[in-house]
Amino acid sequence: MTNKSVRDYIRTIVDFPHEGILFRDVTTLFADPRGFRIAIDQLLAPYAGMRFDKVAGLEARGFILGGAVAHQLSTGFVPIRKKGKLPGATISQSYKLEYGEAVVEVHDDALQPGEKVLLVDDLLATGGTAEAGIKLIEQLGAEVVGCAFVVDLPDLGGRKRLEGLGMEVHALCA
Ligand code: PRP
Ligand code: ADE
């Protein structure tokens, strides 16, 4: 038996994708059968007994986690993608990253008004990506009931930013 925590399965790559960034690489967590299982179990833990209609995942690593979480919750999965990737009619939201700027989109029929959504991603840094995802979900009339991340980088302010929007934030490690 191992006592390794989720954090122990994640490696840090220095200066990726730019100098000065300490990149938290979750591929090592995803590649480990126990690591991936405990990460999904721990992401789900606070939501026991709650009902969700959909899990929304943020591209790209939020797809891997969100798909597994949706399977466990027996909900559908909604991808929130980088600009230009979704084939149907979309709505868009631009946002600033820790290292750049981007636009995310969702299909305009992916969620119905009143649906309860769990937003999932691997990492919360500035919170710009998650906030853009929340705005898209809310624009479709659905409700974000929880935001779940594997890693929270608290110094970058994402948790405070999302809590300021009235969101419940759940993260497994810093
Ligand atoms: C990373 C991460 C989050 C986002 C967090 O994705 O997976 O989605 O950054 O940063 P923020 O809280 O400052 O917005 P990235 O933009 O690197 O995209 P990728 O997963 O497609 O590589
Ligand atoms: N996204 C934004 N900042 C990041 C970081 N430090 N590591 C991994 N993904 C990120």
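Procedures and definitions
Residues numbered from 1 in each chain as written. Chains lettered and ligands numbered in written order. Predicted model: local features only at pLDDT ≥ 70, side-chain atom pairs only at ≥ 80, totals over all residues. Heavy atoms only, no water. Core = buried A, V, L, I, M, F, W, Y, C linked by side-chain atoms within 4.5 Å. Buried < 20%, exposed > 50% of the residue type's maximum accessible area, 1.4 Å probe, protein only. Helix = DSSP H or I, 4+ residues; strand = E, 2+ residues; numbered from the N terminus. Contact = heavy atoms within 4.5 Å. Near = heavy atom within 4 Å. Polar contact = N/O pair within 3.5 Å; in protein donor to acceptor, adjacent residues only side chain to side chain. Areas by Shrake-Rupley, 256 points an atom, 1.4 Å probe, with all protein chains shown as cover. Nonpolar A, V, L, I, M, F, W, Y, C, P; charged D, E, K, R; others polar. Phe/Tyr/Trp six-rings, centres within 6.5 Å; stacked < 30°, edge-to-face > 60°.

1. Re the nonpolar core
Right, on to step 1. With 28 residues, the main nonpolar core has Val 6, Ile 10, Leu 29, Leu 43, Val 69, Leu 118 and Val 150 as its most contacted residues.
Right, on to step 2. Sorting the residues of this core by element identifies helix H1 (27-31), helix H2 (33-44), helix H3 (61-73), strand S7 (116-124), strand S8 (143-152) and strand S9 (169-173) as the ones contributing at least two each.
Right, on to step 3. The leading source of residues in this core is H2, at 5 residues.
Right, on to step 4. Excluding its chain neighbours within four sequence positions, the residues that come into contact with Val 6 are Leu 29, Ile 38, Ala 39, Gln 42, Val 150, Leu 172 and Cys 173.
Right, on to step 5. Grouped together as the second largest cluster of nonpolar side chains are 27 residues, Ala 130, Ile 134, Ala 142 and Cys 147 included.

2. A closer look at the site of ligand 1
Right, on to step 1. Near ligand 1 lie 16 residues; those nearest to it are Lys 82, Asp 121, Asp 122, Thr 126 and Thr 129.
Right, on to step 2. Residue Lys 82 places a side-chain N or O atom 2.7 Å away from an oxygen atom belonging to ligand 1.
Right, on to step 3. A distance of 2.5 Å separates an oxygen atom of ligand 1 from a polar atom in the side chain of Thr 129.
Right, on to step 4. Bound to the protein, ligand 1 loses 86% of the 500 Å² it would expose on its own.
Right, on to step 5. Mapped by element, the contributors of at least two residues to the shell around ligand 1 are S7 and helix H4 (128-139).
Right, on to step 6. Broken down by element, the residue count for the shell around ligand 1 peaks at 4 residues, all from S7.
Right, on to step 7. Broken down by class, the residue content of the shell around ligand 1 amounts to 6 nonpolar, 4 polar and 6 charged.

3. A look at the packing of aromatic side chains
Pairs of aromatic rings are described using the distance from one ring centre to the other and the angle between the two planes.
Right, on to step 1. Going through the model one piece at a time under the given rule, you end up with 4 aromatic pairs.
Right, on to step 2. On the basis of an interplanar angle of 70° and a centroid distance of 5.6 Å, the ring pair of Phe 30 and Phe 36 is categorised as edge-to-face.
Right, on to step 3. You can call Phe 30 buried: its relative accessible area is 16%.
Right, on to step 4. Judged by relative accessible area, which is 23%, Phe 36 ranks as partly exposed.
Right, on to step 5. Judged by centre distance (6.0 Å) and plane angle (85°), the rings of Phe 63 and Phe 77 are edge-to-face. Within this pair, whereas Phe 63 is found in helix H3, its partner Phe 77 is found in strand S4 (residues 76-82), the two being separated by 14 residues in sequence.

4. Details of unusual backbone geometry
Right, on to step 1. In this structure, Pro 17 follows Phe 16 across a cis peptide bond, with omega equal to -5°.
Right, on to step 2. Mapped onto the secondary structure, Pro 17 falls in the loop between strand S1 (11-14) and strand S2 (22-25).
Right, on to step 3. Cis geometry marks the peptide bond from Glu 59 to Ala 60; its omega dihedral reads 0°.
Right, on to step 4. On the secondary structure map, Ala 60 appears in the loop between strand S3 (54-58) and H3.
Right, on to step 5. Look at Ser 74: it is not a glycine, yet its phi comes out positive at around 55°.

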